[in-house]
Amino acid sequence: MKLAVIKGDGIGPEVVNQAVKVIGVISKKYKCNFQYQEVLMGGAAIDETGVPLPDETIEICKNSDAVLLGAVGGPKWDKISRNLRPEAGLLQIRRQLGVFANLRPAIMFPQLKSASPLKEEILGNNLDLMIVRELTGGIYFGEKNREDIECGKKAWDIMGYSTPEISRIAKVAFEIAQKRNKKITLVDKSNVLENSRLWREVVSEIAKEYPHIDLDYMYVDNAAMQLIRNPNQFDVILTGNMFGDILSDEASMLTGSLGMLASASVGENKIGLYEPIHGSAPDIAGQDKANPIAAIMSVAMMLRYSFDMEEAAKDIENAISKVLDKGYRTVDIMGDGMIEVGTEKMGELISEKI
Ligand code: NAD
């Protein structure tokens, strides 16, 4: 099983090192052989090669079964022109691998209820929702430009979605909802956006093929509010690139920290891209403070979706749960009476439990 590993920038290498440690333990336990090759992307690639996504990285990723990514970006590269910034590498690799569906589960570990900013009675005991975000289209990939106008400057970013782009992501959401609680909420802004009106038309057509799945619609502003007011009303949220980006960060906070949640990006070919949903967190980089659980949960998702190793994925999730049961916490999820540990120690504890 061939893996490409992109550690990235900031806390990326720190959390990926722990994820790789976990892969080592799983390989031994299940007697399987992961061959991994480390490749450059983001700021680290700019420093070394001058571009955020070298051709060699694309080539190696395309020849792998899965790609594990930390995070890219940071203030050091913020002033570089848009096409050469670390984040451009991230957008390009998603496009190159054709991973148009980003699956972002927001699952609450009951041990972390107190780390959530929401009241316990709102959270309930089983918060488990899945955001299915379109990843390779929409406003982030549309034409963008600036022009001088009489009173200053004008900038624009075009949001465009085609029928095939919408229908393929909708099908992914319906397939996932079939294995969950059979409910999809399409989040859009169809009261003002033509794009959103097309999304509603296409998704409601596809819904006819899945009569046992309950489909409803919600404006994104309302969805942002409902996630805080009553998150348990959701099962699968289907949405476009930008709305999904914003709502998934919001959903992650329900569960306590950005440092807890993983994501999987998949497409029609078999290569999956797995990454924590957080960024490179330059404010805590190099201090052994980053929570590696999101990166480790990314490994669980990789085993589940790319390698069909459900039992191993469950092993990882159970190990995390046991470590939390013992009271170990990184600083972002710290609570009264808990034992604070750093990135490295958290990785070790989880590996030992596996
Ligand atoms: P961020 O996710 O890096 O950090 C937001 C906050 O959450 C910070 O306070 C950070 O310390 C905290 N945090 C994030 N991950 C954590 C973890 N694992 N453990 C503990 N605390 C954690 O978002 P940002 O500050 O908006 O962005 C920083 C850089 O990351 C920017 O350059 C941005 O472009 C980039 N970014 C990259 C990705 C990616 O590579 N997929 C995603 C988002 C942002």
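Every value quoted in this text rests on a predicted model; they were computed, and no experiment measured them.

Draft legend 1. Quick peek at the layout of surface pockets. Here the largest pocket is characterised by a volume of approximately 1,000 Å³. Around the largest pocket sit 37 residues that line it, and Leu103, Met130, Ile176, Arg304 and Tyr305 are the ones nearest its centre. Of all elements in the fold, only strand E4 (101–107), strand E5 (128–134), helix H6 (163–178), strand E11 (262–266), strand E12 (272–276), helix H10 (293–305) and helix H11 (310–325) reach the threshold of two or more residues within the lining of the largest pocket. Among the residues forming the lining of the largest pocket, the class breakdown is 19 nonpolar, seven polar and eleven charged. When residues of the lining of the largest pocket are assigned to domains, at least three fall in each of domain 1 (1–109 + 256–354) and domain 2 (117–254).

Draft legend 2. Focus on the nonpolar core. In terms of nonpolar packing, the biggest core is built from 89 residues, with Val132, Phe174, Leu238, Met302, Leu303, Ile316 and Ile350 touching the most fellow members. Among the elements that take part in this core, H10 stands out by supplying nine residues, more than any other. Each of domain 1 (1–109 + 256–354) and domain 2 (117–254) accounts for three or more of the residues forming this core. Methionine 302 has contacts with Leu3, Ile23, Phe34, Ala66, Tyr274 and Phe307, leaving out every residue within four places of it along the chain. Among the nonpolar cores identified, the runner-up in size contains 17 residues, and Leu53, Val72, Ile93 and Leu97 belong to it.

Draft legend 3. Summary view of the domain arrangement of the chain. Under the domain assignment used here, the chain contains domain 1 (1–109 + 256–354) and domain 2 (117–254). Just the C-alpha atoms count here: the centres of domain 1 and domain 2 sit 24 Å apart. Summed over both partners, the interface of domain 1 with domain 2 comes to about 2,200 Å²; 62% of that surface belongs to carbon and sulfur atoms. There are zero salt bridges connecting domain 1 and domain 2. At the junction of domain 1 with domain 2, the criterion picks out nine residue pairs in polar contact (both at pLDDT 80 or more). Only helix H4 (86–97) and E4 provide two or more residues apiece to the side of domain 1 that touches domain 2. Ranked by the residues each element gives to the side of domain 1 that touches domain 2, the list is headed by E4, at seven residues. Here the residues of the side of domain 1 that touches domain 2 sort into 13 nonpolar, four polar and five charged.

What counts and how
Residues numbered from 1 in each chain as written. Predicted model: local features only at pLDDT ≥ 70, side-chain atom pairs only at ≥ 80, totals over all residues. Heavy atoms only, no water. 1 Å grid on protein atoms, 1.4 Å probe; cavity = no way out; pocket = protein on both sides within 12 Å on 5 of 7 lines; lining within 4 Å. Points joined across faces, edges and corners; volume = space filled by probe spheres on them. Helix = DSSP H or I, 4+ residues; strand = E, 2+ residues; numbered from the N terminus. Nonpolar A, V, L, I, M, F, W, Y, C, P; charged D, E, K, R; others polar. Domains from an automatic or database assignment. Core = buried A, V, L, I, M, F, W, Y, C linked by side-chain atoms within 4.5 Å. Buried < 20%, exposed > 50% of the residue type's maximum accessible area, 1.4 Å probe, protein only. Contact = heavy atoms within 4.5 Å. Buried area = accessible area lost by both parts, 1.4 Å probe. Salt bridge = Lys/Arg side-chain N within 4 Å of Asp/Glu carboxyl O. Polar contact = N/O pair within 3.5 Å; in protein donor to acceptor, adjacent residues only side chain to side chain.

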